[in-house]
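# Coordinate analysis (summary)
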Amino acid sequence: MKKLHIKKGDTVYVNAGNDKGKTGKVLSVDPAKDRVIVEGINMVSKHTKPNSKQPQGGIIKKESGIHISNLNLIDPASGKATRVGYRMEGDKKVRYAKKSGEEIK
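The notes below deal with the structure included here. Residue numbers restart at each chain and count upward from 1, following the sequence in its written direction. For a predicted model such as this one, the threshold for reporting local features is a pLDDT of at least 70, and the threshold for listing and counting side-chain atom pairs is 80 or more; totals across whole chains, interfaces and linings nevertheless cover every residue. With hydrogens and water set aside, each side-chain value is computed from the structure's full complement of heavy atoms.

### Here we look at the sheet that holds strand E3 (residues 35-38)
Threshold: One bridge is not enough; two strands pair if DSSP finds at least two bridges between them. In this text, helices come from DSSP runs of H or I with a minimum length of four residues, and strands from runs of E with a minimum of two, each type numbered from the N-terminal end.
The six strands lie next to each other as E6-E3-E2-E1-E7-E8, forming an open sheet whose pairing is antiparallel. The two strands at the open ends of the sheet, each matched to only one other strand, are strand E6 (65-67) and strand E8 (81-82).

### Examining unusual backbone geometry
Which entries qualify depends on this criterion: Throughout, exposure labels follow a simple rule: accessible area from a 1.4 Å probe, protein chains only, divided by the maximum for the residue type, with under 20% read as buried, over 50% as exposed, and the rest as partly exposed.
Phi at aspartate 34 is positive, roughly 55°, even though this residue is not glycine. Note on placement: aspartate 34 falls in the loop between strand E2 (23-30) and E3. Under the relative-accessibility criterion, aspartate 34 is labelled buried at 18%. A positive phi angle is found at asparagine 42, which is not glycine, with a value near 60°. Along the chain, the position of asparagine 42 falls in the loop between E3 and strand E4 (43-48).

### So, the packing of aromatic side chains
Filter applied, for reference: Pairing of aromatic rings covers Phe, Tyr and Trp, the last through its six-membered ring, and needs centres within 6.5 Å; plane angles under 30 degrees mean stacked, over 60 mean edge-to-face, and all others mean tilted. For a lysine, the NZ atom is tested; for an arginine, the CZ atom; a charge sits over a ring if that atom is within 6 Å of the ring centre and within 35 degrees of the ring normal.
Tallied over the entire structure, the rule returns zero aromatic pairs. One cation-aromatic arrangement involves arginine 87 over tyrosine 96; the distance from NZ or CZ to the ring centre is 4.4 Å. When the ring centre of tyrosine 86 is taken as reference, the NZ or CZ atom of lysine 93 above it lies at 4.9 Å.

### Quick word on the side chain of threonine 82
Formally: Polar contacts here mean pairs of N or O atoms no more than 3.5 Å apart (in protein, one a potential hydrogen donor and the other a potential acceptor; neighbouring residues in sequence count only if both atoms are side-chain atoms). In what follows, residue pairs with any heavy atoms lying within 4.5 Å of each other are defined as contacts.
Tracing the backbone shows threonine 82 in strand E8. Engagement of the side chain of threonine 82 in a polar contact is seen with the backbone nitrogen of lysine 98, the distance being 3.3 Å. Those residues in contact with threonine 82, other than ones at most four positions away along the chain, are Asn72, Leu73, Ile74, Asp75, Ala97, Lys98 and Lys99.

### Looking at the nonpolar core
Generally speaking, a soluble globular protein has its nonpolar side chains buried in company with each other. Just so we agree on the cut-off: Residues belong to one nonpolar core when they are buried, are Ala, Val, Leu, Ile, Met, Phe, Trp, Tyr or Cys, and are joined through side-chain atoms within 4.5 Å.
In terms of nonpolar packing, the biggest core is built from 15 residues, with Ile6, Val12, Val36, Val38, Ile66 and Leu71 touching the most fellow members. If you list the elements that add at least two residues to this core, you get strand E1 (11-14), E3 and strand E7 (71-74). Filtering out sequence-adjacent residues up to four positions away, valine 12 remains in contact with Ile6, Lys22, Thr23, Gly24, Val26, Val38, Leu71, Asn72, Leu73 and Ile74.

### Let's talk about the environment of serine 78
Its location among the elements puts serine 78 in the loop between E7 and E8. C-alpha separation for the pair serine 78 and lysine 105, spaced 27 residues apart in sequence, amounts to 15 Å. A distance of 3.3 Å separates the side chain of serine 78 from the backbone nitrogen of lysine 80, its partner in a polar contact.

### Description of the pairing of E3
Alternating positions in E3 separate cleanly, Val36 and Val38 being buried on one face and Arg35 and Ile37 remaining unburied on the opposite face. Bridge count for E2 against E3 is four bridges, and the pairing is antiparallel. Across the sheet, residue valine 29 finds its bridge partner in E3, namely valine 36. The hairpin turn running from E2 into E3, its antiparallel successor, is four residues long, and aspartate 34 in that turn takes a positive phi close to 55°. With three bridges joining them, E3 and E6 adopt antiparallel strand pairing. Its bridge partner being in E6, isoleucine 37 is matched across the sheet by glycine 65.

Here's what the structure looks like:
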């Protein structure tokens, strides 16, 4: 499986596409397709038939996947977009923000 620079729970900045400039929390990651679902980003209209959850059916808005190359991680120190680096601290490999050098948890 591929190693991606973004994980579930991270806060990301969208740097390309219709939602450029927005930020959101990562809900899920699909490494096979290099796609990420971000809260409130890339919303699509989905037509649903009536079922037990939606007795009326109709059109619902939900998040769709966005390619991982269109996202940057938010730096915990400055709150701006940054690239991600990896370094060894003792025997553990940790992610850090390239702008500030601060560890990403």
